[in-house]
Amino acid sequence: MKRAYFNGNIITMTGEDAGYVLCENGVITETGRGEPPAADEYADLGGRTLMPSFIDAHSHFMSVAYSFLRADLDGAASVDEIRNRLNDFITENKKQGQWVVAMGYDHNGLKEKRHITSAELEFGDYAVVLENKSGHSGIFNAEAQRLLGIMSSKDGLLEENEYLEKLRLVPMENISDILSACEKAEKKYFSHGITTAQDGYAMGALLDVYKALAALGGTTLDIVAYPDRDSFAGWREAFPESMGKYHNNFKLGGLKIMLDGSPQGKTAWISGKYADGTCAAPSMTEEAVDSAVKWAAERDIQVIAHCNGDMACEMFINAVEKYKNRRAVIIHAQLLRKDQLERVKRLEMIPSFFVAHVFRWGDIHIQNLGLERAKGISPAGSALKEGITFTFHQDSPVIEPDMFETVWCAVRRKTKNGAVLGEKERIGVYDAIKAVTVNAAYQYFEEGKKGIIAPGAFEDFIIADRNPLSLTDNDELKNIKILSTIKRGTKVYEA
């Protein structure tokens, strides 16, 4: 069936103007000016904006699904509010003697200006775990510590590798509940105009869930998974037809490694010290990083590496320089230094900036790093001047997968307190949109098929209520409404 889109603002991301787009069987066949040619169906945009759907360059799909099964602490402003939310969740959802896992906990926003304690998380015989919003630490109450064999902690607080090791031991929810939550996660991504998402640290524990999804025919959302080194062989054996290509909308994209923590938690590995004298350390040794990158290069497998601090970035850049990995991705790249950009460009590495950090934690970064260093966080402006291909992401469920908010963050670079953090690192609206469309397609080796409106690309679109390129007030970027999301010619979301 041929479908023609016309009578609106069409952003092709190719630099070409278009008055209409003609599609057939989920693929774009023609773009042009003037009246559309003959078609079986006409989609009158009514002056609204048609553009490529968004591509998530880094998130955690299954964790987004789990967020529908766990207590929500996002925005909790005090210890009492945390306790009240947990109590309400237990009352509504749980039976006596079960695990209670909560997501969205952020000690930086509490009025007490400290972590909640293990003792403040006592709820009878419930084992309670609070996952920090950063994904790099958590609080375990006494019952959770007993069941997981945690012998020592900072009043229930575990960080980085120790935290992740214990979190993996927490029992999973019922598989049928998880599958139902996956449907809700898909709808969340679609509601934000995203038709390709990532599962950015696919641990072996998720294999059974993805096998169950595959048995049901897979997802509608395209998902690109990056297993860790220990479970990679298991994923490849389970999904041999998905290595580097989609099968039932699922693809194994490559390998994920983690080199450090988070700047808001002062565990990102930076040169020098934090403002309070804290010194961070890497999560992997140089030998382990080299081994993983070499292993991937020998198999032509893409590597994405969590690197927030400049020293973590340096260790990953050094490894890629040795082994010449193709399109290696620096995930977050928060404190990537300007003097490192030339090597990133030469090695054709792709920084994927979590640029919404400027708004979400910018004021915390000023406090932790000092103003001058904080100004350089997510250096998209410098990367653009260097001619580097970069992408943006939200690390969901850390924050909502809201692409227009992210575009606004890159353009305005405002903190929650209203300060402009790193004015020289601002970029224009068009380049910000490129980071979540055409550039993100390139990151996934899907250029020409996604992220653009041009013949041969998929009919993956969003229809927005306004044209982001025509706004006179850039602060309105974050208020643009997505009216419809279309994937392969099928409407998967409608406001």
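A few points on the structure. Bear in mind the structure is a predicted one, so any value in this text is a computation, not a measurement. (Residues numbered from 1 in each chain as written. Predicted model: local features only at pLDDT ≥ 70, side-chain atom pairs only at ≥ 80, totals over all residues. Heavy atoms only, no water.)

**Re the packing of aromatic side chains**
- Counting across every chain of the model gives 15 aromatic pairs.
- With a centroid separation of 5.8 Å and 55 degrees between ring planes, the pair formed by phenylalanine 353 and phenylalanine 390 is classed as tilted. On the criterion of sequence distance, the pair formed by phenylalanine 353 in strand β19 (residues 350-353) and phenylalanine 390 in the loop between α14 (380-386) and β20 (391-392) is long-range, its members being 37 residues apart.
- An aromatic cluster of three or more residues is present, and its members are Tyr210, Trp235, Phe239 and Phe250. (Phe/Tyr/Trp six-rings, centres within 6.5 Å; stacked < 30°, edge-to-face > 60°. Helix = DSSP H or I, 4+ residues; strand = E, 2+ residues; numbered from the N terminus.)

**Considering helix α4 (residues 160-167)**
- Those residues of α4 that fall on the buried side of the exposure criterion are Glu160, Tyr163 and Leu164. Relative to the axis of α4, the buried residues are bounded by an arc of 95 degrees and lie together on one face.
- At its buried positions, α4 is contacted by β10 (127-132), β11 (137-140), β12 (157-159) and β16 (254-258). (Buried < 20%, exposed > 50% of the residue type's maximum accessible area, 1.4 Å probe, protein only. Arc of directions from axis to C-beta. Contact = heavy atoms within 4.5 Å.)

**Let's talk about the sheet that holds strand β9 (residues 99-105)**
- The mixed open sheet is built from 5 strands, whose spatial order is β8-β9-β10-β11-β12. With partners counted over all chains shown, the strands left at the sheet margins are β8 (71-72) and β12, one partner each.
- Strand direction decides the pairing type here: β10 and β11, joined by 3 bridges, are antiparallel. Opposite glutamate 131, over in β11, you have glycine 138 as the bridge partner.
- Relative to the sheet, helix α2 (residues 79-93) contacts β8, β9 and β10, its axis offset from that of β9 by approximately 135 degrees. (Pairing = 2+ DSSP bridges. Axes fitted to C-alpha atoms, helices over the stretch in contact; angles between N-to-C directions.)

**Looking at unusual backbone geometry**
- Look at the link from serine 396 to proline 397: it is a cis peptide, with omega at 15 degrees.
- For proline 397, the location among the structural elements is in the loop between β20 and α15 (403-412).
- The phi dihedral of serine 378 falls on the positive side, at around 50 degrees, and the residue is not glycine.
- Mapped onto the fold, serine 378 is located in the loop between α13 (371-375) and α14.
- Classification of serine 378 as buried rests on a relative accessible area of 0%.

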